[in-house]
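Residues per chain are reported as follows:
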Amino acid sequence: MERQSPLFTVFVYAAALLLAAIILAPILWLFVMSISSAADLSAKPLNWWPEEIDLSRYRLLLSTVENSAGAAFTASLFNSLKVAGMATLAAIAVAIPAAWAVSRTSNVSWSLYAVIATYMLPPVALAVPLYMGLAYLGLLNSVFGLALVYLTILAPFTTWLLKSGFDSIPKEIESAAMIDGARLDQILRLITLPLAAPVMATSALFAFLLAWDEFFYALLFTSDLRAKTLTVAISDLAGGRVSDYGLIATAGVLAALPPVLIGLVMQRALISGLTSGGVKG
């Protein structure tokens, strides 16, 4: 077994700690801001930890009192969950057959790259045709309409990710199943999809994060609490003449919780999906 020098081990741990500090420091400061009073946030010199912990902003944003800031925030939170969830499920449903077809038929692989090339277009270039299409269908200011828009963004991305997962599955396994008399749907359901489950989980998580964080189209195509998403609601908190930065930080902490919880639940599948294809026998 190869032995590593103690100096190299110290270097690896130091680099890992530095990376963790760089990633976690903004999140920690966001949390500190959310529990700091207005006096602590404006104190000079700056207090790195509040003298008195203030949880009133969390109670305010999680309140369900009608016509309150909390009611608007919680409604936007549920809208984001609905839109991101529907768009992710639809994108995975579209991407599975598309990615399998492109992976198993090299002659049509150009179509995937042609669709991905549309990402080169700035979102504002597609805003007018998408707006007119949603208006024609009566889907403006609707969670279903916004999910449909997000589907056009997520489907090529998830197809590209799933294709890499299907590429790592030997075609011979599917050929052997065909020889044994298995139908195409049975091959996909019993063989291919279970083997590609980690990549599917990774694709779903990244698709959910893309939909969860999207702001531009949500701002254009929604107008009230029937469809307004969390990113737009947070921007509204900063839209007044006087901004409560502690309240904005609190909204940021609460908005980060659902993706973090989903990532923790799917951690094993996520790591397996990210490393899929890294080592081949």
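Read on for an overview of the structure. (Residues numbered from 1 in each chain as written. Predicted model: local features only at pLDDT ≥ 70, side-chain atom pairs only at ≥ 80, totals over all residues. Heavy atoms only, no water.)

**Looking at the environment of A90**
Structurally, the position occupied by A90 is in helix α4 (residues 69-104). The class for A90 is partly exposed, based on a relative accessible area of 28%. For the pair A90 and L154, spaced 64 residues apart in sequence, the C-alpha separation works out to 9.0 Å. (Helix = DSSP H or I, 4+ residues; strand = E, 2+ residues; numbered from the N terminus. Buried < 20%, exposed > 50% of the residue type's maximum accessible area, 1.4 Å probe, protein only.)

**Describing the packing of helix α10 (residues 197-213) against helix α13 (residues 245-265)**
Where α10 contacts α13, the axes come no closer than 11 Å and their chain directions differ by 175°. One way to sum up the angle between α10 and α13 is to call them roughly antiparallel. Along the contact surface, α10 presents L205, F208, L209 and W212, while α13 presents A255, P258, P259, I262 and G263. Considering only residue class, the contact of α10 with α13 consists of eight nonpolar, one polar and no charged. (Axes fitted to C-alpha atoms, helices over the stretch in contact; angles between N-to-C directions. Parallel < 35°, antiparallel > 145°, perpendicular 65-115°, else oblique. Contact = heavy atoms within 4.5 Å. Nonpolar A, V, L, I, M, F, W, Y, C, P; charged D, E, K, R; others polar.)

**With respect to the nonpolar core**
Within soluble globular proteins, side chains that are nonpolar generally end up buried alongside one another. The biggest cluster of nonpolar side chains holds 35 residues, and the ones touching the most others in it are L146, Y150 and L230. Mapped onto this core, the elements with two or more residues apiece are α3 (56-61), α4, α7 (143-167), α10, α11 (216-221), α12 (230-237) and α13. In terms of residue count, α7 provides more of this core than any other element does, eight residues in total. Not counting residues within four places of it along the chain, the set of residues in contact with L230 comprises F73, S76, L77, S80, W212 and A255. (Core = buried A, V, L, I, M, F, W, Y, C linked by side-chain atoms within 4.5 Å.)

**Quick word on the packing of aromatic side chains**
Applying the stated criterion across every chain, the model contains five aromatic pairs. Considering the side-chain rings of Y131 and F221, the 6.1 Å spacing of their centres and the 40° angle between planes classify their relative orientation as tilted. Of this pair, Y131 sits in helix α6 (residues 123-137) while F221 sits in helix α11, and the two are 90 residues apart along the sequence. The exposure class of Y131 is partly exposed, given its relative accessible area of 40%. Through pairs of rings, three or more aromatic residues link up here, namely Y131, F216, Y217 and F221. (Phe/Tyr/Trp six-rings, centres within 6.5 Å; stacked < 30°, edge-to-face > 60°.)

**Focus: α6**
Between its first and last C-alpha atoms α6 spans 20 Å; for 15 residues at 1.5 Å apiece the expected length is 21 Å, and the two agree. The largest bend in α6 is about 30°, located at P129. Where α6 ends, the next residue or the one after it, G138, has phi of about 70°, a positive value. (Expected span 1.5 Å × (residues − 1). Bend = angle between axes of the 7 residues up to and from the residue.)

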